[in-house]
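The primary structure of each chain is shown beneath.
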Amino acid sequence: MKTIDEAIRLRPDGFTDRSIYTDPAVLEQEIEKIFKKAWVLIGHETEVPEPGDYVRKTIAGQPLIQVRGNDGKVRVVYNTCRHRASLVAIEEEGNCAKTNFVCPYHGFEYSADGDLVKVPVADGYGEWFKNEEFGLVELAQFDTFNGMVFGSFNPDAQPLVDYLSSAKEFIDYATKGDGEDLVLVDSYKYDIAGNWKLLIDNTMDGYHVPYVHGSMFEQFGISAEEGISGIARTLGFHGSIDWDEGRPMAERNVNRYMAIFPNITVHYNASGDMFAIRQIEPLNVDNMQVTMWLLAPKSTASREMNERRAAAFTITWGPGGLFGADDARQLEWVQLGMKADCGAPVLAARGLETGDEDDWENEQSMRGFRAGWNHYMNQD
Amino acid sequence: MATSAQLDNAIDPAIELLYRYTAALDQFDYEAVLAMFSKPSRYRVQCRRNYERNGVLHIVNDSDEQLGFRFASHPPLRLEPTVHVIGNARVRRDGGDVELRATFNMDRNGKPTFSGEYIGAIDESGDTPIFKELMVVLEGDSVPSTVQIAI
């Protein structure tokens, strides 16, 4: 019979030191080695539908702007003036097609394309100062996939399509209607008092459902332990859970929740064709901020349909939803428990030895995420 | 010498309803809270940003039935006492319509947690006023905490 020490030695990926959830030094490394090396979600193209539309973003602590240029292209640029570093976009969102981004400090003006178009009293600089060399600085890489805007601070990051690799067809199902583009319905942000990784773990965890959400299921007269099932998949560093309940995928009747490494979850609820994306940003080691976008197929995104989608979404997910609020509260309790300096690792070991890898109550998707975490954290 | 207006300390019944509502929440008396809503009625929580632009996404968007379901699904978190403080309450009556507005702060566990505005539509046809609709508009860029029960 194996001992726990042998189990840890054979499959260390099933056992996690608590400090990765509680040590500020680990978070600092995560920012540098994961958030600034991998591809991360910036936003969605339909947040900025018109030329000049922009949204401020903070990713890995970096001030950014997602902006649709006058040329129609979506760009990601740093929100900082090339003169004295002030933010140039002050409002959270807006349109700069006619107004440009005007630095509030000394009046440097940048177009929606990021070009420096005006320098007050410009003749005070020498010949070396050329406007074309002082535009807003673009993020090292940015690209889109099914309307999602991704970026990387790493100029050497592999192409986005390769990064998403084996998860692409699953992401297609969860982020694209029947071949139809999605549009933004609405969005909001909320905070959870827990380490950012906990919500990724939670999304890939079918094991908790009968317990955290048990009282909610009881109200519906459903036995969560018997009535709900799913299939979990590890897709490289990404993961997917299908709430299939015997329903055919081809009819788009299967709910799918995914985690895209490192900090994105996507959700497709077949009921009402609801699509949602959550971006998880660490505020500090004990707190995360979640940006949530609700999306819908363009052809059915009427006000009436969107109100129905939003109502259905609100009652389940988000900080006031019957699932979402329960999860968030549970994660707060996990974060407090993680602080116990007791030397005992936390487990993501269920299913390690059964070979039943696709059982959604197993924890293989958490282990897939952890493999990604190890991959990036162990790079120089 | 005080005028009669200055001596009139009666609280407007619509404002008193809001006082009773927040007091009942702070006392975990959810039955009393539900009794303050008409059937049908709506209870909503929304961020200021979404509210101002008539966004469809809410933090909470419950019918009276769903609000009862919310309370039934979540036993009172008595270890997390809340305190509501209400300010700048005013009532506007226009024909049969009664609108109540007030700012508020809510502490949870002694820590400032939510601030915002109550916007209520009041039914005054019965013996005591009740909410036909209560909208809670939260200030700030981000909802700062979970909303399992009500605010």
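Per chain, residues are indexed from 1 in the order of the written sequence. Here chains are named by letter from A upward and ligands by number from 1 upward, in the order in which they appear as written. Restriction of local features to residues with pLDDT of at least 70 applies here, the model being predicted, together with a cutoff of 80 or more for giving and counting side-chain atom pairs; totals for whole chains, interfaces and linings are based on all residues.

1. Topic: the overall build of chain B
The criterion, for reference: Secondary structure elements are defined from DSSP: runs of H or I of at least 4 residues count as helices, runs of E of at least 2 residues count as strands, and each element is numbered from the N terminus. Here the globule rule reads 2.2 Å times residues to the power 0.38, and the radius of gyration is calculated from C-alpha atoms. Between the buried cut of 20 or more and the exposed cut of 12 or fewer other C-beta atoms within 10 Å of a residue's own C-beta lies the partly exposed class, and all C-beta atoms are placed from the backbone. Placing C-beta atoms from the backbone, we regard two residues as in contact once those atoms come within 7 Å.
Helices and strands together make up the secondary structure of chain B, namely five helices and six strands. Starting at the N terminus and ending at the C terminus, chain B contains elements arranged as α-α-α-β-α-β-α-β-β-β-β. Computed over C-alpha atoms, the radius of gyration of chain B comes to 16 Å, within 12% of the 15 Å expected from 2.2 N^0.38 for 151 residues, which places it in the range of a compact globule. For chain B, the spread of C-alpha atoms along the three principal axes comes to 50 × 35 × 35 Å. Buried residues in chain B amount to 36% of all 151 residues. Contacts in chain B between residues far apart in sequence, at least 24 positions, make up 54% of those at least 6 positions apart.

2. Considering the overall build of chain A
If you tally the helices and strands in chain A, you get twelve helices and 19 strands. Its C-alpha radius of gyration of 22 Å places chain A within 12% of the 21 Å reference for a compact globule of 380 residues. Per-residue burial for chain A yields a buried fraction of 43% across its 380 residues. Long-range contacts, defined as pairs at least 24 residues apart, comprise 59% of the intrachain contacts of chain A with a sequence gap of at least 6.

3. Let's talk about the sheet that holds strand β6 (residues 130-138) of chain B
All names here are of chain B. To keep it simple, the criterion reads: Strand pairing is assigned whenever DSSP identifies at least 2 bridges connecting the two strands. A fitted line through C-alpha atoms serves as each axis, taken over the contacting stretch for helices, and the angle formed by two N-to-C directions is quoted from 0 to 180°.
Strand order in the open sheet made by the six strands is β2-β1-β6-β5-β4-β3, with mixed pairing throughout. Of all strands in the sheet, those with a lone pairing partner are β2 (60-63) and β3 (82-94), marking the two edges. Taken pair by pair, the neighbouring strands of this sheet meet at an average axis angle of 15 degrees, ignoring direction. Inspection of the sheet shows strand β4 (residues 97-108) paired to strand β5 (residues 111-123) by ten bridges, in the antiparallel sense. By the bridge assignment for β5, Asn105 is matched with Ser115.

4. Quick look at the domain arrangement of chain A
All names here are of chain A. The condition is simple: Domains are outlined according to an automatic or database domain assignment. For this classification, the nonpolar set comprises Ala, Val, Leu, Ile, Met, Phe, Trp, Tyr, Cys and Pro, the charged set comprises Asp, Glu, Lys and Arg, and every other residue, Gly included, is treated as polar.
By the assigned domains, chain A splits into domain 1 (43-144) and domain 2 (169-377). Just the C-alpha atoms count here: the centres of domain 1 and domain 2 sit 34 Å apart. At the junction of the two partners, domain 1 supplies five residues and domain 2 supplies six residues. For the side of domain 1 that touches domain 2, the class distribution of residues is one nonpolar, three polar and one charged.

5. Brief notes about the interface of chain A and chain B
Counting residues at the interface gives 27 residues for chain A and 22 residues for chain B. Elements that contribute at least two residues to the side of chain A that touches chain B include exactly β12 (182-192), α8 (214-220), β18 (287-297), α10 (303-316) and α11 (324-338) of chain A. By residue number, the principal contributor to the side of chain A that touches chain B is β12(A), which donates seven residues. The residue makeup of the side of chain A that touches chain B, split by class, is twelve nonpolar, eight polar and seven charged.

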